[in-house]
Amino acid sequence: GRPETFYDAVGGHETFAAIVHRFYQQVAEDPVLRPLYPEEDLGPAEQRLLMFLEQYWGGPQTYSHQRGHPRLRMRHGPFPIGPLERDAWLRCMRVAVDEADLPEERRRQMWDYFEMAATSMMNKSW
Ligand code: HEM
């Protein structure tokens, strides 16, 4: 059959939903990040990040069906993201990933990706 995806290997939907939920709990409390989110309700943003990550790691392609091509850098254009915002985002995600208790090699793979992705989302240098 098909080789197991990263998504399946780490526990599929349940694992990704837990990580993204924990991440947004942190965002809700974060003085740097919270003001960037245009909507009062973080639920829809949580759903979009969940769909995106599930798709990226080999799970259901629901993100693209609902939102089209990710174009994440473009979609982040309206939000000023410098080192402070990048670091805050990673700090929130670090808690979420660590609590997911993934096998070390998987944890490292996911973390390397988040560091790279968050840095690539920066659109200002201060
Ligand atoms: C959307 C902030 C990094 C994935 C958003 C939104 C904000 C935001 C304010 C709009 C919320 C909404 O969807 O209603 C940030 C900040 C980052 C960051 C400050 C710091 C570097 C990332 C990274 C990823 C990501 C690293 C992926 C690994 C997404 C996705 C959406 C989103 C998938 C929804 C896009 C859509 O409209 O379909 N982000 N983000 N973001 N972000 Fe980020």
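Structure shown above.
Residues numbered from 1 in each chain as written. Predicted model: local features only at pLDDT ≥ 70, side-chain atom pairs only at ≥ 80, totals over all residues. Heavy atoms only, no water.

With that settled, the discussion passes to the overall build of the chain. Looking only at helices and strands, the chain has seven helices and zero strands in total. The order of helices and strands in the chain, counted from the N terminus, is α-α-α-α-α-α-α. Taking 126 residues into account, the globule formula puts the C-alpha radius of gyration at 14 Å, and the chain, at 14 Å, falls close to it. Across its three principal directions, the C-alpha atoms of the chain cover 45 × 30 × 25 Å. Classification of the 126 residues of the chain by burial places 38% in the buried group. (Helix = DSSP H or I, 4+ residues; strand = E, 2+ residues; numbered from the N terminus. Rg over C-alpha atoms; globule rule 2.2 N^0.38 Å. Buried < 20%, exposed > 50% of the residue type's maximum accessible area, 1.4 Å probe, protein only.)

A few words now on the site of the ligand. Residues in contact with the ligand amount to 20 residues; listed here are only the nearest, R48, Y63, R67, H76 and W89. Within the side chain of R67, an N or O atom sits 2.6 Å from an oxygen atom of the ligand. A distance of 3.5 Å is found between a nitrogen atom of the ligand and a side-chain nitrogen or oxygen belonging to W89. Breaking the shell around the ligand down by element, the ones donating at least two residues are α3 (43-56), α4 (62-67), α5 (72-75), α6 (83-99) and α7 (104-120). Across the shell around the ligand, the residue classes break down as 15 nonpolar, one polar and four charged. (Near = heavy atom within 4 Å. Polar contact = N/O pair within 3.5 Å; in protein donor to acceptor, adjacent residues only side chain to side chain. Nonpolar A, V, L, I, M, F, W, Y, C, P; charged D, E, K, R; others polar.)

Axis separation between helix α2 (residues 12-29) and α3 bottoms out at 9 Å; the angle between their running directions is 140°. Classified by the interaxial angle, the pair formed by α2 and α3 is oblique. Where α2 crosses over α3, the handedness of that crossing is right-handed. Listed contacts from α3 to H13, F16, A17, V20, H21, F23 and Y24 of α2 are A45, E46, L49, L50, L53 and E54. By residue class, the composition of the contact of α2 with α3 is nine nonpolar, two polar and two charged. (Axes fitted to C-alpha atoms, helices over the stretch in contact; angles between N-to-C directions. Parallel < 35°, antiparallel > 145°, perpendicular 65-115°, else oblique. Left-handed = near helix turned anticlockwise from the far one by under 90°. Contact = heavy atoms within 4.5 Å.)

The topology assignment puts D101 in the loop between α6 and α7. Measuring from C-alpha to C-alpha, the distance between D101 and D8 comes to 15 Å, with 93 residues separating the pair along the chain.

Here we come to the packing of aromatic side chains. Evaluation of the coordinates by the stated rule reveals 13 aromatic pairs. Between the aromatic rings of Y7 and F16, the centroid separation amounts to 5.4 Å while the plane-to-plane angle is 25°, which identifies the pairing as stacked. Comparing Y7 with F16, the two get one shared label, buried. Taken together through their ring pairs, the aromatic side chains of F6, F23, Y24, Y37, F52, Y56, W57, Y63, W89, W111, Y113 and F114 make up a single cluster. Cation over ring: R94 sits above W111, and NZ or CZ is 5.0 Å from the ring centre. (Phe/Tyr/Trp six-rings, centres within 6.5 Å; stacked < 30°, edge-to-face > 60°. Lys NZ or Arg CZ within 6 Å of the ring centre and 35° of its normal.)

A few words on α7. Its 17 residues place the ends of α7 24 Å apart at the C-alpha level, agreeing with the 24 Å of an ideal helix rising 1.5 Å per residue. Within α7, burial applies to R107, M110, W111, Y113, F114, A117 and A118. Along the axis of α7, the buried positions cluster into a sector of 160°, meaning they face one direction only. Looking at the buried positions of α7, the neighbouring elements they touch are α1 (6-9), α2, α3 and α6. (Expected span 1.5 Å × (residues − 1). Arc of directions from axis to C-beta.)

Geometric descriptors of this kind do not, in isolation, establish any biological role.
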